[in-house]
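One-letter residues, chain by chain:
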Amino acid sequence: MADTISCPSGLTGRIRGMRVREERVLADRKLAKSGGQVDELLSACWEELVEAGPYAFPDGKVDWGQVLQGDRFYALLQVRVLTYGPEYVFAVPCQNAACRARIDWELDLTQLPVRALSDASRAAFMAGHRFETTLPDASKRVRFKLLTGEDERRLPQLQRAAPEKLLSSVLAYRVLDVDGVDARDKRRFLEDLSLRDADFLVDEFDRVDCGVDTTLEVECPECFMRQEVELPFDRGFFLPGQARTTRRRERSTSSPA
């Protein structure tokens, strides 16, 4: 079964659901380590480009490394819906330290809020992929970029290299330049930012971007505490049958004799 989808940026094309042969992509540890699984899945399930949106694909073939993160996730979501349907069942632990009960939750993936790429962001992306804002405390104008598929592969490596500097690593990677700050001093400048400026900058990243809102509110069936969780995006997302089998096995093993 195939369907035509329009991603948040306007990228439009025909996709299909996953087939048995795509399981090798999900099982490929080398691809998982390099971050190439998403590209392989999208390339396999994307059948035809209808409208390139803000992208330039000279040969008419989608280069998923150049596609915005929001578009990539939206397309993956639609592949999953076409493969198994819109219902997604998952489990998370209660965040209440005094409870920690298992929360089984189900949602309709087609109902997740989608934020389109604005006309202003589309123009900035097509004009060189440079976005501007002014930091409230430092009063410096900075230019930054949105994340693409290539960035999805590189960021985890940078974060693993300096796990104690997670925020500054992300900021340094996404900020292109700062008015009045030499390129060699950019990292030090960003590490000296006030947390207010850092929060503001992260909010600006989100404000001009596009994508799917994956923050969910769930309720614990035991303590009734409502809590925010991120949509689980793991092997079970694409192979729910295996995930259900694993959960049944866990419950069986943990049951009293």
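Residues numbered from 1 in each chain as written. Predicted model: local features only at pLDDT ≥ 70, side-chain atom pairs only at ≥ 80, totals over all residues. Heavy atoms only, no water.

### Let's talk about the packing of helix α6 (residues 149-161) against helix α7 (residues 166-174)
Running from N to C, α6 and α7 cross one another at 145 degrees; their axes reach a closest spacing of 10 Å. Regarding α6 and α7, the two cross each other, and that crossing is right-handed. Of the residues in α7, those touching α6 at D151, R154, L155, L158 and Q159 are L166, S169, V170 and Y173. When its residues are assigned to classes, the contact of α6 with α7 shows five nonpolar, two polar and two charged. (Axes fitted to C-alpha atoms, helices over the stretch in contact; angles between N-to-C directions. Helix = DSSP H or I, 4+ residues; strand = E, 2+ residues; numbered from the N terminus. Left-handed = near helix turned anticlockwise from the far one by under 90°. Contact = heavy atoms within 4.5 Å. Nonpolar A, V, L, I, M, F, W, Y, C, P; charged D, E, K, R; others polar.)

### Quick look at the nonpolar core
Ranked by size, the top nonpolar core spans 65 residues in total, and within it L11, W64, L107, L109, L112, L201 and L231 carry the most contacts. Top element by residues in this core is helix α4 (residues 69-84). It accounts for eight residues. Taken together, domain 1 (2-114 + 212-237) and domain 2 (118-209) each give at least three residues to this core, which thus spans both. Each residue touching L201, except ones within four places of it in the same chain, is listed here: T133, L135, V142, F144, L171 and V175. (Core = buried A, V, L, I, M, F, W, Y, C linked by side-chain atoms within 4.5 Å. Buried < 20%, exposed > 50% of the residue type's maximum accessible area, 1.4 Å probe, protein only. Domains from an automatic or database assignment.)

### As for the state of the cysteines
Scanning all chains against the criterion turns up zero disulfides. Unpaired in terms of disulfides, C45 finds its nearest cysteine sulfur in C7, a separation of 13 Å. For C45, a relative accessible area of 0% gives the class buried. Here C223 stays free of any disulfide, with the sulfur of C94 as its closest cysteine sulfur at 3.7 Å. C223 sits in the partly exposed class, given a relative accessible area of 28%. (Disulfide = S-S within 2.5 Å.)

### Here we look at the sheet that holds strand β9 (residues 175-178)
The pairing of strands in a sheet happens through backbone hydrogen bonds and is either parallel or antiparallel. Strand order in the open sheet formed by three strands is β7-β8-β9, with antiparallel pairing between adjacent strands. In the strand order of this sheet, the two ends are held by β7 (131-134) and β9, each with one partner. This sheet shows a mean twist of 25 degrees between the axes of neighbouring strands, independent of strand direction. Sheet topology note: the strand β8 (residues 141-144)/β9 ladder contains three bridges and is antiparallel. Of the residues in β9, the one forming a bridge with F144 is V175. The strands touched by α7 within the sheet are β8 and β9, with β9 carrying the most contacts at an inclination of about 80 degrees. (Pairing = 2+ DSSP bridges.)

### So, the pairing of strand β11 (residues 215-219)
Only one face of β11 is buried: it carries L216 and V218, and the other face, with T215, E217 and E219, is open. Direction of pairing for β11 relative to strand β12 (residues 226-230): antiparallel, over a ladder of five bridges. By the bridge assignment, L216 is partnered in β12 with V229. What sits between β11 and β12 in their antiparallel hairpin is a turn of six residues, with F224 showing a positive phi close to 65 degrees.

### As for unusual backbone geometry
Of note in this structure, R100 is not a glycine but carries a positive phi near 60 degrees. One non-glycine residue, F224, adopts positive backbone phi at about 65 degrees. Its relative accessible area of 55% is what places F224 among the exposed residues.

### Concerning the packing of aromatic side chains
Following the criterion strictly, the structure yields eleven aromatic pairs and no others. Where Y55 meets F57, the ring centres are 5.5 Å apart and the plane angle is 20 degrees; that geometry is what we call stacked. Aromatic pair F131 and F144: ring centres 5.9 Å apart, planes at 25 degrees, arrangement stacked. In this pair, F131 sits in strand β7 while F144 sits in strand β8, placing the two residues 13 residues apart along the sequence. Each member of the pair, F131 together with F144, is buried. Put simply, the rings of F73, Y88, F90, F233, F237 and F238 touch in pairs and so form one group of aromatic residues. The aromatic ring of F237 is capped on one face by R80, whose charged end is 5.4 Å from the ring centroid. A cation over a ring is seen here: R174 above F205, with NZ or CZ 4.1 Å from the ring centre. (Phe/Tyr/Trp six-rings, centres within 6.5 Å; stacked < 30°, edge-to-face > 60°. Lys NZ or Arg CZ within 6 Å of the ring centre and 35° of its normal.)

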